[in-house]
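Close look at the chain arrangement
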Amino acid sequence: MLRFEMHAHTAETSDCGKIPAAHEVALYHQKGYDGIIITDHYFKSFFQEIADLPWPEQVNRYLAGYRAAKAEGDKLGLTVLWGLELRFDDANGCVNDFLVYGPTEQDLLDNPHLNRMTPATFSPLARQKGWLFCQAHPFRFPAYRPQAPYYMEDPSLLDGMEVYNGHPNQPSHNPQAMAFHKQHPELIPLAGSDVHFESGAGRAAVLFDGPVDSIQDIIRQLRARTHTLWVTTSQQ
């Protein structure tokens, strides 16, 4: 089966990412992974810093981490795809994050500032486009911002959820996520390392039993439930 990282950040795009994209890809190649999906943070603060640039250039800046990762992946023979870790603007300070698989660069150009939407307005767009809309670490209580908790979004708006998040420095409460998923088996289960720094790489994966050459192959196999979750630790 093919082992894919589903949740990864790069130093080029995510402020919290501490691994340059090329080095990150080399790490995953050494660990025996077949592929990695770059899911850099897509949220208000990233775009505020470059708000004076035309929107196409903002998109170009956002994709810098993915492009550097893809160039290294092509050299090493490791498949590199991309998605988003999307956080919607919220006046109440909520820090829910969502993994989105399927948008193309043209989709980003045609739909500026997805972060200004809400889960309720984004979900129909994702379904119209055939994207997967999945909640990341829904039961995390962030150590760095305890005043801004996460909460589980309305499952009817989602395609899937991360039932295992491997970030070693965040209490993601994976058993709670797994228990919730048992009550909502209609949601596609995901596992990812949520890698930001070298020691966090390769802690989780999704295994696929068919060829994966594009993000559409990923989406198809996730919808068919032919995938398997793979984790290396009992991180809570």
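Throughout what follows, the structure given in this document is the object of discussion. Keep in mind that what you see is a predicted model, and the values were worked out from it rather than measured. (Residues numbered from 1 in each chain as written. Predicted model: local features only at pLDDT ≥ 70, side-chain atom pairs only at ≥ 80, totals over all residues. Heavy atoms only, no water.)

1. A few points about unusual backbone geometry
Note: most residues except glycine have negative phi, and most peptide bonds are trans. Convention followed: Under the scheme used here, helices are H or I runs from DSSP no shorter than 4 residues and strands are E runs no shorter than 2 residues, and both carry numbers assigned from the N terminus. Per-residue accessibility, obtained with a 1.4 Å probe over protein chains only, is compared with the maximum for each type, and a residue is labelled buried under 20%, exposed over 50%, and partly exposed between these values.
Positive phi, normally seen in glycine, also occurs at His173, with a value near 55°. Tracing the sequence through the fold places His173 in the loop between strand E7 (160–165) and helix H7 (174–183). Unusually for a residue other than glycine, Asp194 sits at a positive phi of about 55°. Along the chain, Asp194 turns up in the loop between strand E8 (188–192) and strand E9 (204–208). With relative accessibility at 2%, the residue Asp194 sits in the buried group.

2. Some points on the packing of aromatic side chains
Keep this limit in mind: Ring geometry is summarised as follows: Phe, Tyr and Trp rings, the Trp one being its six-membered ring, pair when their centres sit within 6.5 Å, and such pairs are stacked at plane angles under 30 degrees, edge-to-face over 60 and tilted between the two. For a Lys NZ or an Arg CZ to count as sitting over a ring, it must be within 6 Å of the ring centre and within 35 degrees of the ring normal.
Going through the model one piece at a time under the given rule, you end up with 17 aromatic pairs. Taking the centre distance of 5.0 Å and the plane angle of 90° together, the rings of Phe46 and Phe47 count as edge-to-face. Residues Phe46 and Phe47 agree in their burial class; the two are buried. Judged by centre distance (6.1 Å) and plane angle (45°), the rings of Tyr66 and Trp82 are tilted. On the criterion of sequence distance, the pair formed by Tyr66 in helix H4 (residues 64–76) and Trp82 in strand E4 (residues 79–86) is long-range, its members being 16 residues apart. Here the aromatic cluster, defined as three or more aromatic residues joined through ring pairs, consists of Tyr42, Phe46, Phe47, Trp55 and Tyr62. The residue whose ring lies beneath Arg3 is Tyr33, and the NZ or CZ to ring-centre distance is 4.9 Å.

3. A short note on the nonpolar core
Keep this limit in mind: Only buried Ala, Val, Leu, Ile, Met, Phe, Trp, Tyr and Cys residues count toward a nonpolar core, and they belong to the same one when joined by side-chain atoms within 4.5 Å.
Within the largest apolar cluster, 46 residues are counted, with the highest numbers of intra-cluster contacts made by Tyr42, Tyr62, Leu108 and Phe122. Counting residues in each nonpolar core, the second largest holds 18 residues, with Leu99, Tyr101, Leu132 and Ile188 among its members.

4. Quick notes on the pairing of strand E6 (residues 132–136)
Rules: A strand pair is defined by DSSP finding two or more bridges across the two strands.
With 5 of its 5 residues buried, E6 lies for the most part within the structure. Sheet topology places E6 next to E7; 2 bridges connect them, and they run parallel. Bridging from a neighbouring strand, Cys134 pairs with Gly160 of E7.

5. Examining the pattern of salt bridges
This is how it is decided: The term salt bridge refers to a pairing of a side-chain nitrogen on Lys or Arg with a carboxyl oxygen on Asp or Glu at a separation within 4 Å.
Counted under the stated rule, the structure contains 8 salt bridges. The partner of Lys70 in a salt bridge is Asp74, and the shortest N-O contact between them spans 3.0 Å. Placement of the pair is Lys70 and Asp74 together in helix H4, with a separation of 4 residues, close to one helical turn. For Asp74, a relative accessible area of 53% corresponds to the exposed category. Arg140 is the salt-bridge partner of Asp194, the closest N and O atoms lying 2.9 Å from each other. With Asp194 in the loop between E8 and E9 and Arg140 in the loop between E6 and E7, this residue pair connects regions lying 54 residues apart in the sequence. Take Arg140: its relative accessible area is 5%, and that puts it in the buried class.

6. A closer look at the packing of helix H1 (residues 21–30) against H4
For clarity, the cut-off: Between the N-to-C directions of two axes lies an angle of 0 to 180 degrees, each axis being a line fitted to C-alpha atoms and, for a helix, fitted only over the stretch in contact. The labels follow the angle: roughly parallel below 35 degrees, roughly antiparallel above 145, roughly perpendicular from 65 to 115, and oblique for the rest. Crossing handedness is defined as follows: a turn of the near helix away from the far one that is anticlockwise and smaller than a right angle gives a left-handed crossing, while the clockwise case is right-handed. In what follows, residue pairs with any heavy atoms lying within 4.5 Å of each other are defined as contacts.
At their nearest, the axes of H1 and H4 sit 8 Å apart, and the two run at 40° to each other. Taken together, the axes of H1 and H4 are oblique relative to one another. In this structure, H1 crosses over H4, and the sense of that crossing is right-handed. Facing Ala21, Ala22, Val25, Ala26 and His29 of H1, the residues of H4 in contact are Gly65, Ala68, Ala69, Glu72, Gly73 and Leu76.

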